[in-house]
Amino acid sequence: MCCKIVNTSNMDGNEGGCQVIKKYLIKFLRCIVVQIHCLFDCTVDFCFELYYNKNKQNRVPPIKDELLLESGISLAQKIRNGEVTSEKVVRAFIERCREVNPIINAVVNQRYSDAIVEAKKVDEFLKDENINREILKEKKPFFGVPFTTKEGNTVAGMRHSMGILSRKDHFALTDADIVANVKEAGGILIATTNIPEMCSWIESRNKVYGQTNNPYNTTRTAGGSGGGDGALLGACGTPIAIGTDLAGSIRIPAFSSGVFGHKPSGGTTSIKGVNTIKEDYEDTLIEAGPMCKRAEDLLPLLKVISGKKLSNLKNIDLPVDVKNLNIFYQLSSGDLITSKVSKTIDSCLMKAVNHLKTVTGSANEIKMPGSENSYEIFRYWKTRDLKEFGYDLTNRQGRANVWTELWYILTGRGRVTLGSIIVLLDMYVMPQENEENAKQLTTTLQNYLTEKLGDNGVLLYPTLPTAVMHHNVSFLRLYNFIYLGVFNALKLPACHVPLGLDKNGLPIGIQVIAGPKNDHLCMAVAKELESTFGGYVPPS
């Protein structure tokens, strides 16, 4: 009997060699894809720069009244102490709105006269010298301070079209919970601001109100869906605003207009009255949160917006010593469908990392498991929130048909914008994500970040991979928003922090992410970075 001797060591070696070759081949192919994507993005930027030449660029005029630069908390204190009247403050912001709105088209519905009447009532109330100012500060921290919110949040007696033609004459009967909470805290609503249709695109443009422009450069986007609020804040037309965020709707506009914007932890704010939602529930990616020019407004405004759900935020008032925080950072998602992180954004993030490393003694680079699948994670959970999008787009008069609406656009009779067409395609034509795989990816990433960040760590991450885009470039960079949307899917707190302007005079900044319910850590880091790098810079 003969035995055939097989050299297993050679087989193992061959298999190992194949694995090494495969690994390097994948890296090579990824590199090729990244370079092609980068070349495409550079070509797009070059073409749009030619189209939007300098003759088409504009920015809002310089600020004449220093009150416009102050935080909401600072204004409230001055009003309480009698240093300035609420009427003067409200009139100053209304005047600024009137000055900048023809340029940026942010305000779509105003209540200026009513706001002035309410401000006069505040001033009359404060004439009573027996009022306990400290109790007033606690109960009504924004007493007499103007604010705005996007048109997608209901305000009693004001238009609530959601940016779609079939609802252009619809008026809300009640305030959204988040609006009512800020009013209860003494805020005076002066206007509602522009949005994309159904708050479901990354640029604020619709068939009812038109397009919102960036206050730093009108050829650039103001973001979405809270682009109106972001642009008005950047232009100093309001001190504070209430945003909502399903996939970056607070943070994209905050990035675009150089202001702060915080997406809270999941389940910490009511969504009753947001979009077309009739009752509050927690099985959603949507959260409401603060938008402001000064970091000191983030925490008090979040506490007000949260209302009865404030108890869901642990340690919200616990002082944070930034020196004791654990700092982590990641420079890119690794997802090939997104743009390559630009040198400007990379430098911006590393500037913040190096500062915090000096403060805390260390900063560790990480690679989140599955971040290269961010879109898959986000898209699975998003479809649960937007499952009624087609019906909502017709004001519940049937489901919008993507091919019919596309035909109308191509024949010049468009009833919706191209952004809504893309959402319809994504929801009803493209194959859906594998449920089991998406849930597994989500769980793995959630567990990793929850353990890594704990109750004393933050992650620094790009808000968006490139600078503020020109109008309509978003149609050619459909997936960059997943840098934000993934944290909605994970229900983690995420705060955009402005870090000045780039060489073109456009805002830049980064995201700060914390573990579940640890929103206060994001805001502490936001204040630290603001004090070091200056934060918000006025457009003029």
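Computed from a predicted structure; not experimentally measured.

(A) Fine view of the pattern of salt bridges. Under the definition given, this model contains 27 salt bridges. A salt bridge links Arg 477 to Asp 41; the nearest nitrogen and oxygen atoms lie 3.2 Å apart. You can see Arg 477 sitting in the loop between strand S11 (457-462) and helix H16 (482-490) and its partner Asp 41 sitting in helix H1 (residues 8-51), a full 436 residues away along the chain. Given the relative accessible area of 5%, Arg 477 is considered buried. Its salt-bridge partner being Arg 396, residue Asp 392 comes within 3.1 Å of it at the nearest N-O pair. A residue is classified by how much of its surface remains accessible, and Arg 396, at 48% relative accessible area, is partly exposed.

(B) Highlighting helix H7 (residues 227-234). Taken across its 8 residues, H7 has 8 buried, putting it largely inside the fold. Looking at the residues trailing H7, positive phi occurs at Cys 236, about 65 degrees.

(C) Representation of a nonpolar patch on the surface within the structure. A cluster of nonpolar residues, Trp 403, Val 429 and Met 430, forms a patch on the protein surface that exposes about 310 Å² of accessible area. Of note, Met 430 is situated in the loop between helix H14 (418-428) and helix H15 (435-453).

(D) The arrangement of the sheet that holds strand S6 (residues 240-245) in detail. What the 11 strands build is an open sheet, ordered S1-S3-S2-S6-S8-S7-S12-S13-S11-S9-S10; its pairing is mixed. Edge strands, defined here as strands with exactly one partner in the open sheet, are strand S1 (107-110) and strand S10 (364-365). Bridge analysis of S1 against strand S3 (residues 188-193) gives 3 bridges, and the strand direction is antiparallel. Each residue of the ladder has a partner; that of Gln 110, found in S3, is Ala 191. Lying on the sheet, helix H9 (residues 298-306) is in contact with S6, strand S7 (260-263), strand S8 (287-292) and strand S12 (494-501); it crosses S8 at an angle near 145 degrees.

(E) Spotlight on the environment of Leu 69. The topology assignment puts Leu 69 in the loop between H1 and helix H2 (72-80). In sequence terms Leu 69 and Thr 238 are 169 residues apart; their C-alpha atoms lie 9.4 Å from each other. Sequence-distant contacts of Leu 69, that is, excluding residues within four places in its chain, are made with Ile 63, Cys 236, Lys 293, Arg 294, Tyr 536 and Pro 538.

(F) Spotlight on the packing of aromatic side chains. As enumerated under the stated definition, the model contains 10 aromatic pairs in all. Aromatic pair Trp 201 and Phe 475: ring centres 5.4 Å apart, planes at 20 degrees, arrangement stacked. Here the residue Trp 201 occupies a position in the loop between S3 and strand S4 (205-206), and Phe 475 occupies one in the loop between S11 and H16, the gap between them amounting to 274 residues. For Trp 201, a relative accessible area of 13% translates into the label buried. Relative to Phe 481, the ring of Phe 378 lies with its centre 5.4 Å away and its plane at 80 degrees, an arrangement referred to as edge-to-face. Of the two residues, Phe 378 sits in helix H11 (residues 374-385) while Phe 481 sits in the loop between S11 and H16, which places them 103 residues apart along the sequence. The burial state of Phe 378 is the same as that of Phe 481; both residues are buried.

(G) Structural context of the environment of Thr 238. Along the chain, Thr 238 turns up in the loop between H7 and S6. With 89 residues separating them in the primary sequence, Thr 238 and Thr 149 have C-alpha atoms 10.0 Å apart. A polar atom in the side chain of Thr 238 sits 2.9 Å from the backbone oxygen of Ile 240.

(H) The pairing of S3, seen in detail. Most of S3 is tucked away: 6 of the 6 residues are buried. Note: strand S2 (residues 146-150) against S3, 5 bridges, orientation parallel. Of the residues in S3, the one forming a bridge with Thr 149 is Thr 192. Handedness of the S2-helix H6 (residues 177-184)-S3 crossover: right-handed.

Cut-off values and rules
Counting restarts for each chain: residues are numbered from 1 in the order of the written sequence. The predicted nature of this model means local features are confined to residues of pLDDT at least 70 and side-chain atom pairs, given and counted, to a pLDDT of 80 or more, with totals for whole chains, interfaces and linings taken over all residues. Side-chain calculation: all heavy atoms of the structure are included, whereas hydrogens and water are not. Each salt bridge in this description consists of a side-chain nitrogen of Lys or Arg and a carboxyl oxygen of Asp or Glu lying within 4 Å of one another. Helix and strand assignments follow DSSP, with helices taken as H or I runs no shorter than four residues and strands as E runs no shorter than two, numbered in order from the N terminus. Exposure is judged per residue with a 1.4 Å probe applied to protein chains only, and the accessible area is read against the type maximum: over 50% gives exposed, under 20% gives buried, and values in between give partly exposed. Each patch groups residues whose relative accessible area exceeds 30% and which form no salt bridge, using 9 Å between like charges and 5 Å between nonpolar side chains of Val, Leu, Ile, Met, Phe, Trp and Tyr. Only the protein chains shown count as covering a residue, and every accessible area follows the Shrake-Rupley method with a 1.4 Å probe. Two strands qualify as a pair provided DSSP detects at least 2 bridges between them. For this analysis, residues touch if any pair of their heavy atoms sits within 4.5 Å. Interaxial angles span 0 to 180 degrees and are taken between N-to-C directions of axes, which are lines fitted to C-alpha atoms, for helices over the stretch in contact. We call Phe, Tyr and Trp rings a pair once their centres come within 6.5 Å, taking the six-membered ring for Trp, and we label the pair stacked below 30 degrees between planes, edge-to-face above 60, and tilted otherwise. Throughout this description, a polar contact denotes any pair of N or O atoms lying within 3.5 Å of each other; where both atoms belong to protein, one of them has to be capable of donating a hydrogen while the other can accept it, and for residues adjacent in sequence the pair is counted only when both atoms sit in side chains. Convention used here: a crossover is right-handed provided that the path from the first strand, over the helix, to the second strand proceeds clockwise when the strands point away from the viewer.

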